[in-house]
Amino acid sequence: MQVYLDLCEVKNWTNVTIHPCEELGVFFLTGQSSDASPTEAVLPLNSTTELSVEKIQEYLSNTELLGTESTGLLLAITDSDSTINYYKVTGGLVPPESPEEMEEKKSRRRQKFQQRKPKFVRVDQLEEYVQKLHQTGHS
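The following paragraphs examine the structure supplied in this document. Worth saying up front: this structure is predicted, and the values here are computed from it rather than measured. (Residues numbered from 1 in each chain as written. Predicted model: local features only at pLDDT ≥ 70, side-chain atom pairs only at ≥ 80, totals over all residues. Heavy atoms only, no water.)

Broken down by element type, the protein chain carries four helices and five strands. Each helix (α) and strand (β) of the protein chain, taken in turn from the N terminus, gives the series α-β-β-β-α-β-β-α-α. In summary, the protein chain has a C-alpha radius of gyration of 20 Å against a globular reference of 14 Å for 139 residues, an excess of more than 25%. Its C-alpha atoms put the protein chain at 60 × 35 × 25 Å along the principal axes. Classification of the 139 residues of the protein chain by burial places 27% in the buried group. In the protein chain, the proportion of contacts linking residues at least 24 apart, taken out of those at least 6 apart, comes to 43%. Counting every atom, the protein chain has about 10500 Å² of accessible surface; 52% of that belongs to carbon and sulfur. (Helix = DSSP H or I, 4+ residues; strand = E, 2+ residues; numbered from the N terminus. Rg over C-alpha atoms; globule rule 2.2 N^0.38 Å. Buried < 20%, exposed > 50% of the residue type's maximum accessible area, 1.4 Å probe, protein only. Contact = heavy atoms within 4.5 Å. Areas by Shrake-Rupley, 256 points an atom, 1.4 Å probe, with all protein chains shown as cover.)

This part covers the pairing of strand β1 (residues 14–21). With six bridges connecting them, β1 and strand β2 (residues 26–32) associate as antiparallel partners. Across the sheet, T14 pairs through a bridge with Q32, a residue of β2. Linking two consecutive strands that pair antiparallel, namely β1 and β2, is a turn of four residues; a positive phi of about 70° is found at G25 within it. (Pairing = 2+ DSSP bridges.)

Counting across every chain of the model gives five salt bridges. The partner of E97 in a salt bridge is K105, with the nearest N and O atoms 2.6 Å apart. Exposure remark for K105: the relative accessible area of 31% places this residue in the partly exposed category. In this structure, R110 engages E103 in a salt bridge whose closest nitrogen and oxygen atoms are separated by 3.8 Å. Judged by its relative accessible area of 44%, R110 falls in the partly exposed class. According to the relative accessible area criterion, E103 is partly exposed, its value standing at 42%. (Salt bridge = Lys/Arg side-chain N within 4 Å of Asp/Glu carboxyl O.)

So, about the nonpolar core. With 14 residues, the main nonpolar core has V26, F28, L43, Y59, L73 and L75 as its most contacted residues. Elements that contribute at least two residues to this core include exactly β2, β3 (40–46), α2 (53–63) and β4 (73–78). The contact partners of L75, leaving out residues within four places of it in the chain, are L43, L45, L51, N85, Y86, Y87 and V89. Judged by nonpolar contacts, the second largest core, of 10 residues, contains C8, V16, V42 and L74. (Core = buried A, V, L, I, M, F, W, Y, C linked by side-chain atoms within 4.5 Å.)

A word on unusual backbone geometry. Of note in this structure, N12 is not a glycine but carries a positive phi near 55°. In this fold, N12 is placed in the loop between α1 (2–10) and β1. The phi dihedral of S82 is positive, around 75°, even though this residue is not glycine. Structurally, the position occupied by S82 is in the loop between β4 and β5 (84–89).

All right, on to the sheet that holds β2 then. Strands sit in the order β1-β2-β3-β4-β5 across an open sheet of five strands; the sheet is mixed. The strands lining the two open edges of the sheet, one partner per strand, are β1 and β5. Pairwise comparison of adjacent strand axes, ignoring direction, gives a mean angle of 25° for this sheet. Of the strands in this sheet, β1, β2, β3, β4 and β5 touch α1, which is tilted by about 85° from β5. Together, β1, β2, β3, β4 and β5 form the strand contacts of α2, whose direction differs from that of β2 by roughly 55°. (Axes fitted to C-alpha atoms, helices over the stretch in contact; angles between N-to-C directions.)

So, in structure tokens, the structure goes:
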């Protein structure tokens, strides 16, 4: 449940769905990190869960049944202090993204970051910030 809430509320994933897997005694989540991104499979695990290469291969083979567009599986490992670490695993080597794809991702992140309202404004930028607020009607 913690991973589901993190994906939906913190990471703003869309179309997050739960898929129980009785054969393995786990459940998978599928969803999209953005509307334009491929559907990814996520496996929530506890930090005390023992993993082996064979077990990960078993999980990977079951994600193929989910019909995800992404290669691999995102392991969401939760700890008792409620932290979640995400690890992307694949069944083999994945070629790196092209420089154009990387630049596009950076650009989207930059735009998303700039759309956020700043929580703190440096004193030397305060006057400029107040003027921008007045210009956009957010005063």
